[in-house]
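For reference, the chains in residue letters:
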Amino acid sequence: MEYNGKNKIVTLCGGVGGAKLALGLYRCLKERGRANDLAIIGNTGDDLDMFGLHVSPDLDTVMYTLAGLSNPQQGWGIADDTYRVLDLFKRYGEDTWFLLGDQDFATHILRTRMLKEGVSLTEITATLTVSLGLDCALLPMSDSPVCTYVETLEVGEIPFQEYFVRRGATDTVVGIRYDGIEQAEITAPIAAAIWQSELVIIAPSNPYLSIEPILQVKGMEQALLQCNSPVVVVSPIVGGKALKGPAADIMRSFDGVEPSALGVAKYYQGLVGGFVLDVSDDALAEEIAAMGYQVLVTQTVMQTNEDKQLLAEHILEEFLPR
Ligand code: FO1
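Residues numbered from 1 in each chain as written. Predicted model: local features only at pLDDT ≥ 70, side-chain atom pairs only at ≥ 80, totals over all residues. Heavy atoms only, no water.

(A) Seen up close, the side chain of threonine 152. Position of threonine 152 among the secondary structure elements: in strand β6 (residues 147–152). Here threonine 152 falls in the buried class, since its relative accessible area comes to 2%. Within the structure, threonine 152 has its side chain in polar contact with the backbone nitrogen of valine 155 (distance 3.0 Å). Each residue touching threonine 152, except ones within four places of it in the same chain, is listed here: Glu157, Ile158, Tyr163, Asp171, Thr172 and Val174. (Helix = DSSP H or I, 4+ residues; strand = E, 2+ residues; numbered from the N terminus. Buried < 20%, exposed > 50% of the residue type's maximum accessible area, 1.4 Å probe, protein only. Polar contact = N/O pair within 3.5 Å; in protein donor to acceptor, adjacent residues only side chain to side chain. Contact = heavy atoms within 4.5 Å.)

What follows is the structure in structure tokens.
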């Protein structure tokens, strides 16, 4: 067969669930000597300013996970990190609800310094990932800042991390706004990766809070629709519940639908052609296939690194064009 120049495996991800699949894909492609064909597009709507530092939690979660540095219990932050810097901030009377570890601070200090020097978030992320030994691309969804705000019944509109971490995602979400999204444009490396993609995989991340901000970046949906590659999604809802986080509650309160993989299939209809359904939701396979999806039923709940790699392998086997 003639080589068509398409060799990238692209994944859109945010949060801990996204990082798990990214690790599965990374391990899988590394084994095949193709780690540098992996391009991970990370959500930056969760970014925040803490003590004057630019924190990009979703990028860092992927970076630490793939570098083997992440805290295995939390899924975010660095394993065995300490919180002595934060302790002193606390004594100064500062807000310390967002837990930044001592080692983690180095990432935010460096990122902030480089941003101040005029380096783009894309270039900064490349520098950090190369330094940590990664040989795939981690691409922020845009180089201009976007901040997700959540409209809650209880306290009105608040920034995402206040809703998620400070208030424990307990409020009822009735609206979501991606502040800055009108200025956000697709970056050249993302456009190139999507154009050269063999396969695009939407990770089992929160559709509203992690994936939608990526899709709303100017040029992103168009690139996905025009690339002629299969686009598949791994359902973040299994057995009517979110694998992690508030996706199921938001589906109910914001979208007015009962949380299920079927709801996820409806959400992505028109953009996505492949659907990865957990074995426990097998009964929904026929209905999702009738919506026009190519459905893969497999184990999507990822506990061990082997689970992550196996899921990635099943996805590549089913959806990579031959
Ligand atoms: N998540 C929490 O639940 N509590 C925290 O204090 C917290 C701190 C934190 C610091 C750095 C970082 O990279 C991630 C951190 N996260 C924390 C995770 C983060 O809020 C979420 O994983 C994502 O933003 C959701 O996609």
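(B) Highlighting the nonpolar core. Residues Leu12, Ile41, Tyr163, Ile194, Tyr268 and Phe275 are the most contacted members of the largest nonpolar core, which totals 52 residues. When near neighbours in sequence (up to four residues on either side) are disregarded, tyrosine 163 contacts Val150, Thr152, Ile158, Gly168, Ala169, Asp171, Val173, Leu209, Pro246 and Ile250. Counting 40 residues, the second largest nonpolar core, distinct from the first, contains Leu59, Leu66, Leu134 and Val232. (Core = buried A, V, L, I, M, F, W, Y, C linked by side-chain atoms within 4.5 Å.)

(C) Highlighting the sheet that holds strand β8 (residues 173–179). Sheet architecture is open: 3 strands sit in the order β7-β6-β8, paired in antiparallel fashion. Unpaired on one side and paired on the other, β7 (156–159) and β8 mark the two borders of the sheet. Within this sheet the neighbouring strands show an average axis-to-axis angle of 25°, counted without direction. Helix α8 (residues 207–216) rests against β6 and β8 of the sheet, and its axis sits at about 40° to β8. (Pairing = 2+ DSSP bridges. Axes fitted to C-alpha atoms, helices over the stretch in contact; angles between N-to-C directions.)

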